[in-house]
Amino acid sequence: MAQQQAATLPPSGGALSPGSAPLPGQVPSSGQAPPPVPGSAEPDTLPSYPRRAPHPQSYGALDLGTNNCRLLIARPTDEGFTVIDAFSRVVRLGEGLATCGKISDEAQDRAVAALSVCADKLRRRRVTLARSVATEACRRAVNGRDFVERVRQETGIVLEIIAPEEEARLAMLGCHRLLEPGDGPALIFDIGGGSTELVLVDTDGDNIPKIKCWWSAPWGVVSLTESEGRVFADAAERLAAFGRMKERVRHAFRRFAELLPADKANIRLLGTSGTVTTLASVHLALPTYDRRMVDGLQMPAESMREINAMLSSMSIDERAQLPCIGHDRADLVVAGCAILDAIIDMWPAETLGVADRGIREGILRTLMARDGYKL
């Protein structure tokens, strides 16, 4: 059955073409503003305008993924921006999607409850310019558009279902500043709940990296976990399942791997997602999650492989006892380990950079740049 499910999820991706832009948005009654005008910027640059707001206003960025709902509210500063409010909740929007093709009523209820909290925060903070995006679960579900309409009616938030290339672009814009210094090519990846985005960039000394090519594979921690199941008799079965998941991911990455440079000297690797930040916390043996310790961490890639091997042999209950994994991530983290292991195989950098930033920060930088702020 797992092989049949894998066959129904073909890889997707390709090179970003000049002029790529977000899908058109709407202006809801709650004051959410539309995304940038299509064609207003190259895919690997931020738009620049001469105007600038006389007084910093609050900007909002909401990312509804297959597993999490996240919100950031920030104001621009001379150094970038300052976060004034944030929200994150595990909603598991894509739970069961791989088998039934729909977002379940229970998953919708969890997501709407979280989005209602976000809507209240946006109103209380008097946010007048925001962008709210939805990713793989809403792209894939046959009732994704119906769910978006339900969200609009019940919360006032207008979700924009973005394409995989826009998801990859925003993730890159949000975290590229944490790339390890160097002149070689760099790979930035975002392991989500329903898909994994890969972006090959070339810095060339510029402020914003140029995207050489990108790829979106339909395997994230939720979809990959559901392809294998969660219950196994012993460590041997768990390790076998880990191997099968890694092989599925490797197969989904194979065409992208052919686009990568053959020379792997001076390469750099940077990851953004709950998977890499969670595993980095395990590496640091943190008693509780600490963003200050994790965001910007440069760790040996081999150390991450060792953590992947350790977690993949543990039971769900054993993983749940680790402070920065807990019950929320205990059943999904091994799928993330399999995806990460496949990425390191494909792009064997000596060091792995860790970013606790991504799509939301990319949205904020884009919105602020439209108003003339240089970030």
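Sequence order as written defines the numbering, with residues in each chain counted from 1. Confidence filtering applies because this is a predicted model: local features only for residues at pLDDT of at least 70, side-chain atom pairs given and counted only at 80 or more, and all residues used for totals across whole chains, interfaces and linings. Values reported for side chains reflect all heavy atoms of the structure, with hydrogen atoms and water molecules removed beforehand.

Let us now look at the sheet that holds strand β3 (residues 68-77). Each strand in a sheet pairs with its neighbour through backbone hydrogen bonds, running either in the same direction (parallel) or in the opposite one (antiparallel). The criterion for strand pairing is that DSSP finds at least two bridges linking the strands in question. Secondary structure elements follow DSSP: runs of H or I of four or more residues count as helices, runs of E of two or more count as strands, with numbering from the N terminus. Taken in spatial order, the five strands line up as β4-β3-β2-β5-β6 in an open sheet, and their pairing is mixed. The outermost strands of the open sheet, each flanked by one partner alone, are β4 (80-90) and β6 (160-161). In terms of strand pairing, strand β5 (residues 129-134) meets β6 through two bridges, oriented parallel. Directly across from A134, in β6, lies its bridge partner I161.

A residue's pLDDT is the confidence the predictor assigns to it, expressed on a 0 to 100 scale. On average, residues of the protein score 86 in pLDDT, and 85% of them reach the 70 mark or higher. Counting interchain partners and residues more than four positions distant, the pLDDT-below-50 stretch residues 1-51 has 115 contacts. Here a residue-residue contact requires only that any non-hydrogen atoms of the pair lie within 4.5 Å.

This part covers the nonpolar core. For the purposes of this section, nonpolar cores are sets of buried Ala, Val, Leu, Ile, Met, Phe, Trp, Tyr and Cys residues that join through side-chain atoms within 4.5 Å. Exposure is judged per residue with a 1.4 Å probe applied to protein chains only, and the accessible area is read against the type maximum: over 50% gives exposed, under 20% gives buried, and values in between give partly exposed. The biggest cluster of nonpolar side chains holds 54 residues, and the ones touching the most others in it are F189, L198, F253, F256, L269, L340 and I343. No other element matches the 11 residues that helix α14 (residues 333-346) contributes to this core. Residue contacts for F256: discarding those within four places in its chain leaves L187, L198, L200, C213, W214, W215 and M346. Judged by nonpolar contacts, the second largest core, of 30 residues, contains L97, I103, V148 and I157.

We now examine the pairing of strand β7 (residues 186-191). Burial analysis of β7 places six of its six residues in the buried class, which makes it a mostly covered element. Side-chain alternation along β7 places A186, I188 and D190 on one buried face and L187, F189 and I191 on a second face that is also buried. Summarising the sheet, β7 and strand β8 (residues 196-202) pair through six bridges and their orientation is antiparallel. Counted as the bridge partner of L187 is L200 from β8. Between β7 and β8, which pair antiparallel one after the other, the connecting turn spans four residues. Examined bridge by bridge, β7 and strand β10 (residues 268-272) share five bridges and lie parallel to one another. Opposite D190, over in β10, you have T272 as the bridge partner.

Note on placement: S281 falls in helix α9 (residues 274-284). Along the primary structure S281 and V294 are separated by 13 residues, whereas in three dimensions their C-alpha atoms are 6.8 Å apart. Setting aside anything within four residues of it in sequence, one finds S281 in contact with L286, Y289, V294 and C324. In protein, a polar contact requires one atom able to donate a hydrogen and another able to accept it; more generally it is a pair of N or O atoms within 3.5 Å, and residues adjacent in sequence count only if both atoms are side-chain atoms. Within the structure, S281 has its side chain in polar contact with the backbone oxygen of T277 (distance 2.9 Å).

Aromatic ring pairs are defined here through the distance separating the ring centres and the angle between the ring planes. For Phe, Tyr and Trp, where Trp contributes only its six-membered ring, two rings pair if their centres lie within 6.5 Å, and the inter-plane angle classes them as stacked under 30 degrees, edge-to-face over 60, or tilted in between. The final tally for this structure, using the stated rule, is one aromatic pair. Residues W215 and F256 carry aromatic rings whose centres are separated by 6.4 Å and whose planes lie at 40° to one another, so their mutual orientation is tilted. Residue W215 is found in strand β9 (residues 210-217), and its partner F256 is found in helix α8 (residues 235-259); the two are separated by 41 residues along the sequence. In this structure, W215 and F256 share a single accessibility class: buried.

Before going further, it helps to spend a moment on the packing of helix α7 (residues 221-228) against α8. How two helices sit against one another is set out by the angle between their axes and by the gap between those axes. Where α7 contacts α8, the two axes come as close as 10 Å, and the packing angle between them is 125°. The angle between the axes of α7 and α8 places the two elements in the oblique class. At the point where α7 passes α8, the crossing takes the right-handed sense. In contact with L224, S227 and E228 of α7, α8 contributes A241, R244, M245, R248 and V249. Three classes are used: nonpolar for Ala, Val, Leu, Ile, Met, Phe, Trp, Tyr, Cys and Pro, charged for Asp, Glu, Lys and Arg, and polar for all others, with Gly counted as polar. Of the residues assigned to the contact of α7 with α8, the class counts are four nonpolar, one polar and three charged. Only the stretch in contact is used when a helix axis is fitted, and all axes are lines through C-alpha atoms; the angle between N-to-C directions ranges over 0 to 180 degrees. Roughly parallel here means an angle under 35 degrees, roughly antiparallel means over 145, roughly perpendicular means 65 to 115, and every remaining angle is called oblique. For a crossing to be left-handed, the near helix must be turned anticlockwise from the far one by less than a right angle; the clockwise case is right-handed.

With that settled, consider the packing of helix α11 (residues 301-313) against α14. Two numbers describe how α11 lies on α14: the axes approach to 9 Å, and their chain directions differ by 145°. Considering how the two elements wind past one another, α11 and α14 form a crossing that is left-handed. The segment α11 lies against α14, with A301, M304, R305, N308, L311 and S312 engaging V333, V334, C337, L340, D341, I344 and D345. Of the residues assigned to the contact of α11 with α14, the class counts are eight nonpolar, two polar and three charged.

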